[in-house]
Each structure stands twice: as C-alpha cells, then as structure tokens.
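# Descriptive structure summary
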Amino acid sequence: MQTTMLKSKLHRVRVTHSELHYEGSCAIDEALLEAANIREYEQIQIYNINNGERFTTYAIRAERHSGVISVNGAAAHKADPDDLIIIACYSQYTEAELANFHPQLVYVDTHNRIVQLKDHIPAQAA
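Residues numbered from 1 in each chain as written. Predicted model: local features only at pLDDT ≥ 70, side-chain atom pairs only at ≥ 80, totals over all residues. Heavy atoms only, no water.

Secondary structure assignment for the chain yields 2 helices and 9 strands. In the chain, the succession of helices and strands from N to C terminus is β-β-β-α-β-β-β-β-α-β-β. A globule of 126 residues ought to have a C-alpha radius of gyration of about 14 Å, and the chain, at 15 Å, matches this closely. Along the longest, intermediate and shortest principal axes, the C-alpha atoms of the chain span 45 × 30 × 25 Å. In the chain, which comprises 126 residues, the share counted as buried stands at 42%. A separation of at least 24 residues holds for 75% of the contacts in the chain among residues at least 6 apart in sequence. Summed over all atoms, the accessible surface of the chain reaches about 7200 Å², with 47% contributed by carbon and sulfur. (Helix = DSSP H or I, 4+ residues; strand = E, 2+ residues; numbered from the N terminus. Rg over C-alpha atoms; globule rule 2.2 N^0.38 Å. Buried < 20%, exposed > 50% of the residue type's maximum accessible area, 1.4 Å probe, protein only. Contact = heavy atoms within 4.5 Å. Areas by Shrake-Rupley, 256 points an atom, 1.4 Å probe, with all protein chains shown as cover.)

Here it is as structure tokens:
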C-alpha cells in the first residue's frame, strides 16, 4: 500500500508576476525549488491565501535568487501580484518509506528570500 503525503511546501510566498498569455505553469526562483526539493516540471498545488483559490499546475525554473513567483497561463486568473500563496507538492510513499518520512518546509520573508528550512519531524517520531 502507498500513502500520499506532503513532500514539500513553500509557505506564504508572494506572487511577483501573473502572466495570462503564456503556455502555463508557475515559474519559481531556482533557489526556492532546490530548498523545497521540487523538480522542474513537477506537479504542484497552489493555495491562494488572499482569495481561497486552489489549483494544480507544474513548476518551471526562474532565475536563482530573483524571488520570482510567476503564475502563468489560465492560472493567472486565480492569482494576482502580491497575493500570498502556498505551493505544495505531494508524493506517494510505501509503509517502509514512511518510517523515515519528513516533509521539506520552506518559509520566506516578504521578498521570497528563505528565512527558515524545516525538515519537519512529526511529534510521535520525536
């Protein structure tokens, strides 16, 4: 049996661009992708804190240390510049893999610069 778990999260990143006339996706600062262990073209879930929208797209790489979070294509209708969003990525794990499972949580400041990385350890495992 496999269980779907939160693999990683970029918490409260600020949308810097909303590009309607683009093929789609969400461009994310390369340093943030690496910190959250999100691969380019990997499926992501986006939760808009400002308006409650929730949608699925995929990640593409933006310039490293640029702070860019660009919601592109049709998804641009769901997020505006300066909106705060959560970007989540999920994966499936076997029972054996769950024994050492810890999601990668990334917290940022108002300019999308990393302020804290948390390899979250559940309370029952601590």
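Turning our eyes to something else, we now look at the nonpolar core. Core analysis: the largest hydrophobic core is formed by 23 residues, its most contacted members being L10, C26, I28, I38, I44, I69 and I87. Ranked by the residues each element gives to this core, the list is headed by helix α1 (residues 30-36), at 4 residues. Those residues within four positions of I69 in sequence are excluded, and the remaining contacts are V13, R14, V15, T16, H17, C26, A27, I28, L32, I85, I87 and N112. (Core = buried A, V, L, I, M, F, W, Y, C linked by side-chain atoms within 4.5 Å.)

On to the pattern of salt bridges, then. Charged atoms that come close allow side chains of opposite charge to pair. All chains considered together, the criterion is met by 8 salt bridges. One salt bridge connects E40 with R61, and the closest N-O pair in it is separated by 3.1 Å. Here the residue E40 occupies a position in the loop between α1 and β4 (43-48), and R61 occupies one in strand β5 (residues 54-62), the gap between them amounting to 21 residues. In this structure, D109 and R113 form a salt bridge, with 2.9 Å as the shortest nitrogen-oxygen distance. (Salt bridge = Lys/Arg side-chain N within 4 Å of Asp/Glu carboxyl O.)

In space, the 9 strands of this open sheet follow the order β2-β6-β3-β5-β4-β7-β1-β8-β9, with mixed pairing throughout. Bordering the open sheet on either side are β2 (17-19) and β9 (114-119), each of which pairs with just one other strand. Going from strand to strand, the sheet's axes swing by 30° on average, the running direction of each strand aside. The pairing of β4 with strand β7 (residues 84-94) spans 4 bridges and is antiparallel. Within β7, the position partnered with N48 by the bridge is I85. (Pairing = 2+ DSSP bridges. Axes fitted to C-alpha atoms, helices over the stretch in contact; angles between N-to-C directions.)

What follows deals with the pairing of strand β1 (residues 2-14). Pairing of β1 with β7, which is carried by 10 bridges, proceeds in the antiparallel orientation. Bridge assignment links R14 to a residue of β7, and that residue is L84. As defined by bridge partners, β1 adjoins strand β8 (residues 104-108) across 4 bridges and the pair is classed as parallel. Across the sheet, the residue bridging to L10 is V106, located in β8.

This part takes up the UniProt feature "modified residue: Pyruvic acid (Ser)" (unreviewed entry) in the chain. Mapped onto this structure's residue numbering, the UniProt feature "modified residue: Pyruvic acid (Ser)" (unreviewed entry) falls at S25. When its relative accessible area of 2% is taken as the criterion, S25 is described as buried. Setting aside residues up to four positions removed in sequence, S25 forms contacts with T57, Y58, I60, S70, V71 and N72. (UniProt positions renumbered as here; feature names shortened; annotations may be inferred.)

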